[in-house]
Amino acid sequence: MCCSYFSECLANARVLVTGASTGIGEEIAYHYARAGAHLLLTARREDALLKVKTKCLKLGAKSVSLALADMASSEAREKVMEQAITALGGLDYLVLNHIGSSPFQMWDGDVQYTRWLMEVNFLSYVHLATMALPHLTKSNGSIVVLSSLTGKVATPFTSSYGATKFALEGFFGSLRHELAMKNVPVSITLCILGLIDTQSAMEKVKDKISMPAYPAQDAAFAVVSAGTSRVWEMYYPWYVRPICFIRDWFPQGRDWMIQRSYQQTSDEKQSV
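Computed from a predicted model, the values in this text were never measured in an experiment.

K.L.:
Got a minute to help me understand the sheet that holds strand β3 (residues 63-68) in this structure?
P.N.:
Backbone-to-backbone hydrogen bonds join strands into a sheet, with any given pair of strands oriented parallel or antiparallel. Reading across the sheet, the 7 strands line up as β3-β2-β1-β4-β5-β6-β7 and stay open at both edges, with parallel pairing between neighbours. At either end of the open sheet lies a strand with only one pairing partner, and these are β3 and β7 (233-236). Put simply, the sheet's adjacent strands are angled 15° from each other on average, direction ignored. The sheet contact formed by strand β5 (residues 142-148) and strand β6 (residues 187-193) spans 7 bridges and is parallel. Looking at the pairing, S142 lines up with S187 of β6. Strand contacts of helix α3 (residues 46-59): β2 (38-43) and β3, with the helix running at about 170° to β3, the strand carrying the most contacts.

K.L.:
What am I meant to see in the packing of helix α4 (residues 74-88) against helix α5 (residues 111-139) here?
P.N.:
The packing of two helices is summarised by the inter-axis angle and the distance between the axes. Packing of α4 against α5 leaves a shortest axis separation of 10 Å and a crossing angle of 35°. You can see that α4 and α5 cross each other, and the crossing is right-handed. The segment α4 lies against α5, with S74, R77, E78, M81 and I85 engaging E119, S124, H127, L128, M131, A132 and H135. Residues that form the contact of α4 with α5 fall into these classes: 5 nonpolar, 4 polar and 3 charged.

K.L.:
Can you walk me through the environment of M234 in this structure?
P.N.:
Looking at the element boundaries, M234 is found in strand β7. Relative accessible area serves as the criterion here: at 8%, M234 is assigned to the buried category. The sequence separation of M234 and L193 amounts to 41 residues, and the corresponding C-alpha distance is 8.1 Å. Ignoring anything within four residues of it in the chain, the contact list for M234 reads L190, C191, I192, L193, A222, V223 and A226.

K.L.:
Looking at this structure, how should I read the pattern of salt bridges?
P.N.:
A side chain of one charge can pair with a side chain of the opposite charge when the charged atoms of the two come close. If you walk through the whole model with that rule in mind, you get 5 salt bridges. For R77, the salt bridge goes to E119, with nearest N and O atoms at 3.1 Å. Highlighted residues: R77 in helix α4 and E119 in helix α5, separated in sequence by 42 residues. Judged by relative accessible area, which is 3%, R77 ranks as buried. Given the relative accessible area of 24%, E119 is considered partly exposed. Notably, a salt bridge pairs E169 with K152, separated by 2.8 Å at the nearest N-O pair.

K.L.:
Please explain the layout of surface pockets as it appears in this structure.
P.N.:
If a probe the size of a water molecule is rolled over the atoms, the empty space left behind becomes visible. There is about 150 Å³ of room inside the second largest pocket. Residue lining of the second largest pocket: G173, R176, H177, L179, A180, V184, V186 and W232, and that is the complete set. Residue composition of the lining of the second largest pocket, by class: 5 nonpolar, 2 polar and 1 charged.

K.L.:
Help me out: how do you make sense of the environment of V126 in this one?
P.N.:
If you trace the backbone, V126 turns up in helix α5. Taking relative accessible area as the criterion, V126 reaches 15% and is therefore assigned buried. Separated by 46 residues in sequence, V126 and F172 have C-alpha atoms that sit 8.3 Å apart. Apart from the residues within four sequence positions on either side, V126 is in contact with F171 and F172.

K.L.:
Even after reading the chapter, I still don't get the pairing of β6, so can you show me in this structure?
P.N.:
Moving residue by residue along a regular strand, the side chains alternate between the two faces of the sheet. Here β6 lies mainly inside the structure; 7 of its 7 residues are buried. Across the two faces of β6 the burial is the same, with S187, T189, C191 and L193 and I188, L190 and I192 all buried. With helix α6 (residues 159-181) bridging β5 and its parallel neighbour β6, the resulting β-α-β unit is right-handed. In this sheet, β7 lies alongside β6 in parallel orientation, the contact comprising 4 bridges. By the bridge assignment, I192 is partnered in β7 with Y235.

Cut-offs applied
- Residues numbered from 1 in each chain as written.
- Predicted model: local features only at pLDDT ≥ 70, side-chain atom pairs only at ≥ 80, totals over all residues.
- Heavy atoms only, no water.
- Pairing = 2+ DSSP bridges.
- Helix = DSSP H or I, 4+ residues; strand = E, 2+ residues; numbered from the N terminus.
- Axes fitted to C-alpha atoms, helices over the stretch in contact; angles between N-to-C directions.
- Contact = heavy atoms within 4.5 Å.
- Left-handed = near helix turned anticlockwise from the far one by under 90°.
- Nonpolar A, V, L, I, M, F, W, Y, C, P; charged D, E, K, R; others polar.
- Buried < 20%, exposed > 50% of the residue type's maximum accessible area, 1.4 Å probe, protein only.
- Salt bridge = Lys/Arg side-chain N within 4 Å of Asp/Glu carboxyl O.
- 1 Å grid on protein atoms, 1.4 Å probe; cavity = no way out; pocket = protein on both sides within 12 Å on 5 of 7 lines; lining within 4 Å.
- Points joined across faces, edges and corners; volume = space filled by probe spheres on them.
- Right-handed = clockwise from strand over helix to strand, strands pointing away.

Take a look at the structure:
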């Protein structure tokens, strides 16, 4: 999708991007900024958000507002949505990208951590989308949900994280049906991403997985393109779609190949 198409479709669009301080969220903000959108960016770290804001304005964003928030807090989420509607005067795109810190390791039995991660990675998405729906309905807007291959295919070292992504698939897929049945003109785009070369992802998977990582800037472009086109699902990079397509054809062979792609430490091999 060319930049001129972005500028035509997204100029003056009112966009809320969560998890916008680093990684894919940061790059998503830059793509919307180049198109001349109005932005409300939220994350936990003010210093990082301020740097993103400065660059967004240089790239051409019409306006940029910031909201510091911990997405584990229901009250904080409500304040973010209130601020977004006040600052932007409405909403055209809700881009749900934030995630809680998640170790790349075998299941250790920590149910409390899983409960917290479900709050951040799943329930906060549901809460924000629910609050945004009346505003998106008025604007014929879009919800863009960043998910993962681990939300389509179970993989090692991601038990809690994968559970939150599978939950996104179930909820937003069902919500899409219901909106269509009620003739509500809000699109939902679920973005299924493979391994992306963000700093946090690279630190987690090093020495544990033999798989190429793809550029965050390109992943972000694919996300913004998919949301603008109002497609139901987007897959990035290229290998994600065929894996999802054939995932149930040969389950035993599939699981063998997945396990062979990961490396274990001696402690992990010996643990029960």
